[in-house]
Structures are given as C-alpha cells and as structure tokens.
Amino acid sequence: MTGNPDPLGWGILATGKIARAFAADLALVPGARLAAVGSRSETSAQAFASEYGDSGTRVHGSYASLVADPAVDVVYVATPHSLHLAGARAAFAAGKHVLCEKPLTLRTADAEEMVRLATEHDRFLMEAMWTACHPVVRELRRDLATGRFGTPRHLAAELGFRVDAAPTDRMLAPELGGGALLDMGIYPLTLAHLLLGEAEELRGVATVAPSGIDLDVAIAGRYPNGAVATLHASMTSWSSRAASIATDLGRIILDGDFHHPTAAVFTPIGRPDQQVVLAGEEPVIGRGYGNEIAEVGRCLRAGLRESPLVPHAQTLTVLRQMDALRADLGIRYPDD
Ligand SMILES: NC(=O)c1ccc[n+]([C@@H]2O[C@H](COP(=O)([O-])OP(=O)(O)OC[C@H]3O[C@@H](n4cnc5c(N)ncnc54)[C@H](OP(=O)(O)O)[C@@H]3O)[C@@H](O)[C@H]2O)c1
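Residues numbered from 1 in each chain as written. Predicted model: local features only at pLDDT ≥ 70, side-chain atom pairs only at ≥ 80, totals over all residues. Heavy atoms only, no water.

## Observations concerning the layout of surface pockets
Which parts of space are left empty comes out when a probe the size of a water molecule is rolled across the atoms.
Here's step 1: Its boundaries defined by the atoms lining it, the largest pocket holds a volume of some 1,000 Å³.
Here's step 2: Along the wall of the largest pocket there are 39 residues; nearest its centre are Lys 17, Ile 18, Arg 170, Met 171 and Asp 183.
Here's step 3: Looking at side-chain class alone, the lining of the largest pocket contains 18 nonpolar, 10 polar and 11 charged residues.
Here's step 4: The volume enclosed by the second largest pocket comes to roughly 200 Å³.
Here's step 5: Taken together, Arg 141, Leu 144, Ala 145, Thr 151, Pro 152, Leu 194, Leu 195, Leu 196, Gly 197, Pro 224, Asn 225 and Ala 227 make up the lining of the second largest pocket.
Here's step 6: Where the lining of the second largest pocket is concerned, the elements lending two or more residues are helix H7 (135–145) and helix H8 (180–196).
Here's step 7: Classifying every residue of the lining of the second largest pocket gives eight nonpolar, three polar and one charged. (1 Å grid on protein atoms, 1.4 Å probe; cavity = no way out; pocket = protein on both sides within 12 Å on 5 of 7 lines; lining within 4 Å. Points joined across faces, edges and corners; volume = space filled by probe spheres on them. Nonpolar A, V, L, I, M, F, W, Y, C, P; charged D, E, K, R; others polar. Helix = DSSP H or I, 4+ residues; strand = E, 2+ residues; numbered from the N terminus.)

## A few points about the environment of Asn 225
Here's step 1: Relative to the helices and strands, Asn 225 is located in the loop between strand S9 (214–222) and strand S10 (228–234).
Here's step 2: Overall, Asn 225 belongs to the exposed group, its relative accessible area being 67%.
Here's step 3: Each C-alpha atom, one on Asn 225 and one on Arg 153, is 8.3 Å from the other, the two residues being 72 residues apart in sequence. (Buried < 20%, exposed > 50% of the residue type's maximum accessible area, 1.4 Å probe, protein only.)

## Comments concerning the packing of aromatic side chains
Here's step 1: Per the stated rule, a full pass over the model turns up five aromatic pairs.
Here's step 2: Taking the centre distance of 4.0 Å and the plane angle of 25 degrees together, the rings of Trp 130 and Tyr 289 count as stacked. Residue Trp 130 is located in helix H6 (residues 130–133), and its partner Tyr 289 is located in helix H9 (residues 289–301); the two are separated by 159 residues in the primary sequence.
Here's step 3: On the accessibility criterion, Trp 130 (3% relative accessible area) is buried.
Here's step 4: An angle of 40 degrees between the planes, with centres 4.6 Å apart, marks the rings of Phe 149 and Phe 266 as tilted. With Phe 149 in the loop between H7 and strand S7 (152–160) and Phe 266 in strand S13 (residues 263–268), the pair connects residues that are 117 residues apart, well separated along the chain. Across the pair, Phe 266 and Phe 149 agree in class, each one buried.
Here's step 5: Put simply, the rings of Trp 10, Phe 22 and Tyr 76 touch in pairs and so form one group of aromatic residues. (Phe/Tyr/Trp six-rings, centres within 6.5 Å; stacked < 30°, edge-to-face > 60°.)

## A short note on the site of the ligand
Here's step 1: Near the ligand you find 22 residues, and of these Thr 15, Ser 39, Tyr 63, Lys 102 and Tyr 289 are the closest.
Here's step 2: His 81 has a polar side-chain atom sitting 2.8 Å from an oxygen atom of the ligand.
Here's step 3: Protein coverage of the free-state accessible area of the ligand, which is 890 Å², stands at 82%.
Here's step 4: Cavity membership is defined here by more than half of the atoms lying within 2 Å of grid points; on that basis the ligand lies in the largest pocket.
Here's step 5: Only helix H1 (17–26) and H8 provide two or more residues apiece to the shell around the ligand.
Here's step 6: Taken together, the residues of the shell around the ligand break down into 10 nonpolar, six polar and six charged.
Here's step 7: Of the domains in this structure, domain 1 (8–129) and domain 2 (135–283 + 317–329) are the two that each give at least three residues to the shell around the ligand. (Near = heavy atom within 4 Å. Polar contact = N/O pair within 3.5 Å; in protein donor to acceptor, adjacent residues only side chain to side chain. Areas by Shrake-Rupley, 256 points an atom, 1.4 Å probe, with all protein chains shown as cover. Sits in = over half its atoms within 2 Å of the grid points. Domains from an automatic or database assignment.)

## Digging into the domain arrangement of the chain
Here's step 1: Domain parsing of the chain yields domain 1 (8–129) and domain 2 (135–283 + 317–329).
Here's step 2: Just the C-alpha atoms count here: the centres of domain 1 and domain 2 sit 27 Å apart.
Here's step 3: With 15 residues of domain 1 in contact, the opposing surface of domain 2 contributes 14 residues.
Here's step 4: Counting across the domain 1 and domain 2 interface gives two salt bridges.
Here's step 5: Note that Lys 102 and Asp 183 form a salt bridge whose closest N and O atoms lie 3.7 Å from each other.
Here's step 6: Among the residues making up the side of domain 1 that touches domain 2, the classes are represented as seven nonpolar, four polar and four charged. (Contact = heavy atoms within 4.5 Å. Salt bridge = Lys/Arg side-chain N within 4 Å of Asp/Glu carboxyl O.)

Listed below in structure tokens is the structure:
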C-alpha cells in the first residue's frame, strides 16, 4: 500500500449501532473511504450506504459478497461478539485486512485462531479497542510511564448503563455473547493494562442472570510495582463512567467518559498551581473512532500486520483475563 495515493477502501460488515457511529467517523478520516457495506439484508445495506457512503459506495446483501468486493482493502467486523470469528475468517480468506470489534471473540482460543488466520494469510488484524488509540489515553500512558506523575498506586474505573432490551438483543442473549464483562468490563480491564501493565492477580464478584450472563461485575486487581485496581461493569445501573489514578504524588482524573476522555488532569497534592492537563497531542477525530481508523491506515501504509497501539498480545492477554474471571464467576457461553 506504500506510495498508493488512493484512499484505503473500507468495507463495513453489519449495519448495527456501532457500525453507524464508525461510519460517521470514517467520513472524517483523510485517506479513508467507505468503499462498500454488507448486511444480511440488502435493504439495510442500501439505507446505510445512502446515509454514510458516497456515490461510489457499493452495497451487498450478504457478508460473503462484501468480503469478495475488490474495492475493499480492509473489512470492519461489527457483528455481535460470537460472530466476529466467522466474519474475520471470511475476510482473511478473501485476502482482506481486518479491524474487528471488541472483544475480538468470546474466548482466547477463538482469538488465537483469528490471529493464526491473519498470520497464515499475511493480513493485518487489530481489535477495535479505540481507547488505546485515543490521543488523551496515549499521552497519559506515555507520561505516566516516565514517572512524571509519580508512581501509580491505585486505578479505579467503571463503565455501565442500564440495558433495557429484549432478551434476544445481543447485549443479553448468551448465544451472541451477552453480558457486562465482555461488553463493558473489557474497557476498565484494558485501561488498567495500558496504564499499569499486565495484572498479576484478578478476582471478581458478579451478579449472574438466570440465563447465565453477568449483569454486574466488580473486579479487584493487583498489578506490577504494587499497584492495585478496582474495576466495575454494569448492565443494570447508570455508572459514572469515570476513571482515576492515585499516585504517591497526587491524583489523575480522566474527564468525561474514561474510555474516550476529553482530558486527563493531574493535580499534585498540596501544589494545585502545578496542575497538568493532558488534552492529547493530536486532535480527536469525530467521537474517537476516527483515531483508530487513522491508526489502521497508518499501519497498512507502513506494511505492518499489527498495530503497536493494540498488539495481538495485548488483546489476547485481556481476553485470557476475562476467560479466567468467567471461569471463577460461573459465566458460561453455549460453546464453552
Ligand atoms: N467500540 C465501541 O465503542 C463499541 C460500541 C458498541 C458495540 N461495540 C461492539 O460492536 C459489536 C456490535 O455491537 P452493536 O451494538 O453495533 O450491535 P447491534 O446494534 O445489535 O448490531 C449488530 C449487527 O450485526 C449484524 N448481525 C448479524 N447476525 C446477527 C444476529 N444473529 N443477531 C444480531 N445482529 C446480527 C446485524 O447487521 P446486519 O443486519 O446489517 O447484518 C446487526 O445490525 C459488538 O461486538 C460490540 O461489543 C463496540
């Protein structure tokens, strides 16, 4: 792709809620265009293309036809979790690169299979963990690692909202990967991983619904250098969506929703005049999905097969953590 002046052709696989938010941001990213959209329903793909595409955006009434489209360089998989592997498998078989929604799959073994397929086909693969591509999170991660804000001792993060949906909705249906841990808990776990390093110990408690999925999860973690974390995900309550990090010198607050913050503010205790506000070194594109789209473009133009911001090992580590928590908590999916 190096030296190719043509925009990267994106194919969006599925036309649900996140596909819409993603497509709105895609339109804002230089060097990227919505080449095609695929849906189980041609009518839905047509409506999606009319709203988010340009006059050349192609419409497919099946995922198979989308991934076969020669105008598509990279496929964005936006189906429910349990269908990600099938979507990515089809895309790799058709020679496409893949950006796949989080969590990559329901369990580590399936994610390892997806990584194996990417390697076998020599294609790029990234989990759509937009938080890791967010300018504020990137700057905070870098500055925290230099010791500028002292040594982190405690990270707190919570994400949740009340899910009022039919039992067949992908948020609640076990066969589609419903549950708070995989849908929302992945964000506090990933934030802690990005800012503190790989967890040394994680313990959880959960409220599990009769269907077997988790509605609320609280996790306590021990991280390198003596740091600890308290993490929470909920599908029954209106979480603050806040995160903070207490260090031996002061406190860092992530402003706004922590998984796409507007700023990170460090206040040294006793020295409020020396407050530091990190707003990111590059602009946030759209809601922030634009930054992950730009990162995929950057990687592909550089000939990379994984992103240094969301490496495969990081995705697999967090999935392994969720596997272990699920085993402890008795959260099971039909194919487990
Ligand atoms: N990064 C983020 O901020 C973020 C936010 C929300 C969700 N997500 C992730 O994105 C994925 C999709 O979430 P969503 O909220 O967009 O879900 P959604 O609104 O339910 O949309 C999912 C889409 O997948 C397709 N699909 C294929 N088979 C399906 C089936 N059996 N049941 C339901 N849908 C099916 C449908 O598209 P067609 O009818 O067009 O085929 C459907 O519109 C999840 O893995 C989720 O974790 C990420």
